[in-house]
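Close look at the chain arrangement
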Amino acid sequence: MSASPHPTSASTTNNDIIEVLVIGSGNAGLCSALSASESGARRVLLIDSCPESWAGGNTYFTAGAFRTAHNGLDSILPLVNNVDDATASRIDMDPYTETDFAADIDRICLGRSSPPLSEILVKESNDAVKWLHSHGIRFQLSFNRQAYEIDGRFKFWGGLCLKTQDGGKGLVQDELSAVRRAGVEVKFGTAAKGLILRPRTGGIKSVLVEDENGEYEIHAKAVVLAAGGFEANPRMRAQYLGPGWDMAKVRGTPFNTGIMLESAMRDINAKTTGNWSGCHSVAWDANAPSDFGNREVSNEFTKSGYPLGLMINLQGNRFVDEGVDMRNYTYAIFGRAVLGQPGCAAFQVWDGTMTPWLRGEEYREEIVERITADTLEELADACADRGLRDRTKFLSTIKEYNEAVSAFQAEHPDIKWDPAVKDGLSTQSSTEQLALAKSNWATPLTKGPFVAVKVTCGVTFTFGGLAVDPETAGVVSSATGRVVRGVYCAGEMLGGLFYDNYPGGSGLTSGAVFGRRAGRAAARLAGGSTS
């Protein structure tokens, strides 16, 4: 039974009091609710402003990737359901240690990530995945996104190997089933609008909500804020991320508008922290919807095949080193790079030797407009019909790139192309050097048919959020510097973890790790414990 609506009353009876109220139905919220229930909370209610048809927040739109420390293939196989003995014998997978994970966060986040938060994320990543697996979440090895089949062997790369069955859609389905089995009440179409504290103690008293019956309060002993960032709010994007960000396309849910972030700052003086001018943004199909993701197509609008080719803006210029690092360390920042180009768009370009390596779920013709041509000149003409402003520069950029690649290959004939490692195939030889290098996987664009895809920026989630006590995920007050009693935070709303960029797959892991901590701490407080 859900919390009883009282449109004409600002209070409820003691019988209506929720022990733990979770706001948000994405991975972080679902993990919080599940953790609270198994930690002894007798009545847990999860609410979300969206209708049930939009359940899952941004989690639904992910590929379901979880980054976790592990000891190699043998330690991962017990968690997955898509590997038989014959396939396992053909897999190459190095261990990904806690030291590796910590080093990736430090490198990718420019050394700015909060040490206590990142240490907890790394050390609890493996246990969090096992915990989810124990509750029925179906994990698989990510052959389609994180492995290349080379000489008959599957080579995993980039420190990431796990995903959930059916991606984010499957993860939401499994987690919703788990929380309902645990007795958690789930109520959609219920928008949280404000947080109300007890005047005497300063602890949480209730949450002001609105549903189809009107406005009322839900009294709760503890509240977990897991309502997402402000990525679906063009005003807040322009305010915090900067000019032009109102032009970005929304990759996921339209319900992450930052309302609870603003409520926490306004109502409980929540302290803010983290990279408020930073976000996760990807190269996104230019023909995708602008204000929300498509729940059928979902993550397939992502266009991350750029390491196999070039990205060229509408003026005909390259603007990023497409091979500077493995894809899962660059895809979350290259959307910003595309947004900064003239017209907020660019073309990804490949020749006939590389197109077979493009992932089908991102580049299949049923989803994306593949601009094809037998010659580069014809490709330039076709791109000009779709916004390319300087056909001549487009062709000269590719010509200069091809010449630089050929010079490097002539100088280093023993270096072989290998998409599963940073292979060192570059544009920078002793005789030819581009002003903007392609540092790895540099192969010439000389063999037709040639393919181009027009992309823009798709914003996924924002990095700025609320300061928390790392041990409990309790929200810190900017006025007192102490935790606001009974208020916790997880997921995108938690600040201080990611700066400028993030290691791919660590967002869902963060939601599970800190959602689990928040739910556990909320249940303990609701049960009378102060530990």
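This report concerns the structure included in the present document. These figures come from a predicted structure and were not determined experimentally. (Residues numbered from 1 in each chain as written. Predicted model: local features only at pLDDT ≥ 70, side-chain atom pairs only at ≥ 80, totals over all residues. Heavy atoms only, no water.)

1. Section: empty space enclosed by the protein
Stated formally: Here a cavity denotes a set of grid points, spaced 1 Å apart and computed over the protein atoms alone, in which a 1.4 Å probe fits but from which it cannot get out, and a pocket denotes an open set meeting protein on both sides within 12 Å along at least five of seven lines; residues with an atom within 4 Å of a point are reported as lining. Grid points are joined across faces, edges and corners, and a volume is the space filled by probe spheres set on the points. In this classification, Asp, Glu, Lys and Arg are treated as charged, Ala, Val, Leu, Ile, Met, Phe, Trp, Tyr, Cys and Pro as nonpolar, and every other residue, Gly included, as polar.
For the structure on display, the rule yields 2 cavities of 30 Å³ or more. Its boundaries defined by the atoms lining it, the largest cavity holds a volume of some 160 Å³. In this structure, the largest cavity is lined by 15 residues; those nearest its centre are Tyr148, Ser304, Pro307, Leu308 and Arg327. Here the residues of the lining of the largest cavity sort into 10 nonpolar, 2 polar and 3 charged. Volume-wise, the second largest cavity comes out at about 40 Å³.

2. Re the pattern of salt bridges
Definition in use: Whenever a carboxyl oxygen of Asp or Glu lies within 4 Å of a side-chain nitrogen of Lys or Arg, that contact is scored as a salt bridge. Residue burial is assigned from relative accessible area. The probe radius is 1.4 Å, only protein chains are included, and a residue is buried under 20% of its type maximum, exposed over 50%, and partly exposed in between.
Under the counting rule described, the total for this entry stands at 31 salt bridges. Close ionic contact of Arg359 with Glu361 constitutes a salt bridge, the shortest N to O distance being 3.3 Å. We classify Arg359 as buried; its relative accessible area is 12%. If you follow the salt bridges from partner to partner, you end up with Arg67, Asp104, Arg107, Asp325 and Lys422 in one network.

3. Brief notes about the packing of helix H1 (residues 27-38) against helix H7 (residues 167-181)
Packed helices, taken two at a time, are described by their axes: the angle between them and the distance between them. Our working definition: Lines fitted to C-alpha atoms define the axes, with helix axes restricted to the stretch in contact, and inter-axis angles between N-to-C directions lie between 0 and 180 degrees. For the purposes of this entry, the term helix denotes a DSSP run of H or I that reaches at least four residues, the term strand denotes a run of E that reaches at least two, and both are numbered from the N terminus. Angle categories: roughly parallel below 35 degrees, roughly antiparallel above 145, roughly perpendicular from 65 to 115, and oblique for all the rest. Crossing handedness is defined as follows: a turn of the near helix away from the far one that is anticlockwise and smaller than a right angle gives a left-handed crossing, while the clockwise case is right-handed. Contacts are residue-level and defined by heavy atoms, with any inter-residue pair within 4.5 Å sufficient.
Relative to each other, H1 and H7 sit at 20°, their axes nearing to 9 Å. Taken together, H1 and H7 sit at an angle that is classed as roughly parallel. Judged by the twist between their axes, the crossing of H1 over H7 is left-handed. Across the interface between the two elements, Asn27, Leu30, Cys31, Ala33 and Leu34 from H1 touch Leu171, Val172, Glu175, Leu176, Ala178 and Val179 from H7. In terms of residue class, the contact of H1 with H7 is built from 9 nonpolar, 1 polar and 1 charged.

4. Focus: unusual backbone geometry
The linkage connecting Gly448 with the following residue, Pro449, adopts the cis geometry, with an omega of -5°. Assignment of secondary structure puts Pro449 in the loop between helix H13 (391-411) and strand E19 (450-462). A positive phi angle, close to 65°, is found at Ala473, a residue other than glycine. Relative to the elements of secondary structure, Ala473 occurs in the loop between strand E21 (468-469) and strand E22 (474-476). Despite not being glycine, Asp500 has its phi angle at roughly 65°, a positive value.

5. As for the sheet that holds strand E7 (residues 153-156)
Stated formally: We treat two strands as partners when DSSP finds at least two bridges between them.
Spatial strand order, E4-E7-E6: 3 strands in an open sheet with mixed pairing. The sheet is open, and its two edges are formed by strand E4 (91-92) and strand E6 (147-150), each paired on a single side. Of the pairings in the sheet, the one linking E4 to E7 comprises 2 bridges and is parallel in character. Following the sheet pairing, Asp92 is matched in E7 by Lys155.

6. Some points on the sheet that holds strand E3 (residues 65-66)
The strand order E3-E8-E5 describes an open sheet built from 3 strands, whose pairing is antiparallel. At either end of the open sheet lies a strand with only one pairing partner, and these are E3 and strand E5 (139-141).

7. Concerning helix H4 (residues 98-108)
Here is the rule: Arc definition: directions from the helix axis to the C-beta atoms.
Taken as a whole, H4 has its buried residues at Phe101, Asp104, Ile105 and Ile108. Relative to the axis of H4, the buried residues are bounded by an arc of 95° and lie together on one face.

8. Observations regarding the environment of Asp351
Worth spelling out the cut-off: We call two N or O atoms a polar contact when they sit within 3.5 Å, provided that within protein one can donate a hydrogen and the other can accept it, with sequence-adjacent residues counted only if both atoms are side-chain atoms.
Mapped onto the fold, Asp351 is located in the loop between strand E17 (346-350) and helix H11 (360-363). Aside from chain neighbours lying at most four places away, what touches Asp351 is Pro444, Leu445, Thr446, Lys447, Pro449 and Phe450. A polar side-chain atom of Asp351 sits 2.7 Å from a polar atom in the side chain of Thr353.

9. Topic: the pairing of strand E16 (residues 310-313)
Of the two faces of E16, both are covered, the one formed by Leu310 and Ile312 as well as the one formed by Met311 and Asn313. Sheet topology note: the E16/E17 ladder contains 4 bridges and is antiparallel. Bridging from a neighbouring strand, Leu310 pairs with Val349 of E17.

10. Considerations on the nonpolar core
The nonpolar side chains of soluble globular proteins are, as a tendency, buried together. Short version of the rule: Side-chain atoms within 4.5 Å are what join buried Ala, Val, Leu, Ile, Met, Phe, Trp, Tyr and Cys residues into a set we call a nonpolar core.
Among the nonpolar cores identified, the biggest contains 147 residues, and Val20, Leu21, Leu141, Phe156, Leu225, Leu466 and Phe514 are the most heavily contacted of them. In terms of residue count, helix H14 (residues 506-526) provides more of this core than any other element does, 10 residues in total. Apart from the residues within four sequence positions on either side, Leu466 is in contact with Leu225, Leu261, Ala264, Ala270, Lys271, Thr272, Thr273, Val475, Cys489, Met493, Leu494 and Gly495. Counting residues in hydrophobic clusters, the runner-up holds 25 residues, among them Leu310, Ile312, Ile371 and Ile398.

11. Structural notes on the state of the cysteines
Rules: The disulfide criterion is simple: two cysteine sulfur atoms within 2.5 Å.
Following the criterion strictly, the structure yields 0 disulfides and no others. For the unlinked cysteine Cys161, the closest cysteine sulfur is that of Cys31, found at 18 Å. Here Cys344 stays free of any disulfide, with the sulfur of Cys457 as its closest cysteine sulfur at 8.3 Å.

12. Considering the packing of aromatic side chains
Keep this limit in mind: Here is the rule: rings of Phe, Tyr and Trp (six-membered ring for Trp) pair when centre to centre is within 6.5 Å. Planes less than 30 degrees apart are stacked, more than 60 are edge-to-face, and the remainder are tilted. Only lysine NZ and arginine CZ atoms are considered, and such an atom sits over a ring when it is within 6 Å of the ring centre and within 35 degrees of the ring normal.
In this structure the tally under the stated criterion is 23 aromatic pairs. An angle of 50° between the planes, with centres 5.4 Å apart, marks the rings of Phe230 and Tyr240 as tilted. Taken together, the residues Phe230 in the loop between strand E12 (214-225) and helix H8 (234-241) and Tyr240 in helix H8 connect sequence positions 10 residues apart. With a relative accessible area of 0%, Phe230 lands in the buried category. Taking relative accessible area as the criterion, Tyr240 reaches 25% and is therefore assigned partly exposed. Between Trp284 and Phe301, the ring centres sit 5.7 Å apart and the planes meet at 65°, which makes this aromatic pair edge-to-face. Linking Trp284 in strand E15 (residues 279-285) with Phe301 in the loop between E15 and E16, this pair joins segments that are 17 residues apart in sequence. Assigned by exposure class, Trp284 and Phe301 land together as buried. Three or more aromatic residues link up through ring pairs in this structure, and these residues are Trp54, Tyr60, Phe61, Phe255 and Phe292. A cation over an aromatic ring shows up here: Arg107 above the ring of Tyr329, its NZ or CZ 4.9 Å from the ring centre. Cation over ring: Lys303 sits above Tyr363, and NZ or CZ is 5.6 Å from the ring centre.

13. Quick word on the pairing of E15
With respect to burial, E15 is a largely interior element, 7 of its 7 residues being buried. Sheet topology note: the E15/E19 ladder contains 7 bridges and is antiparallel. Bridge pairing links Trp284 to Thr456 in E19.

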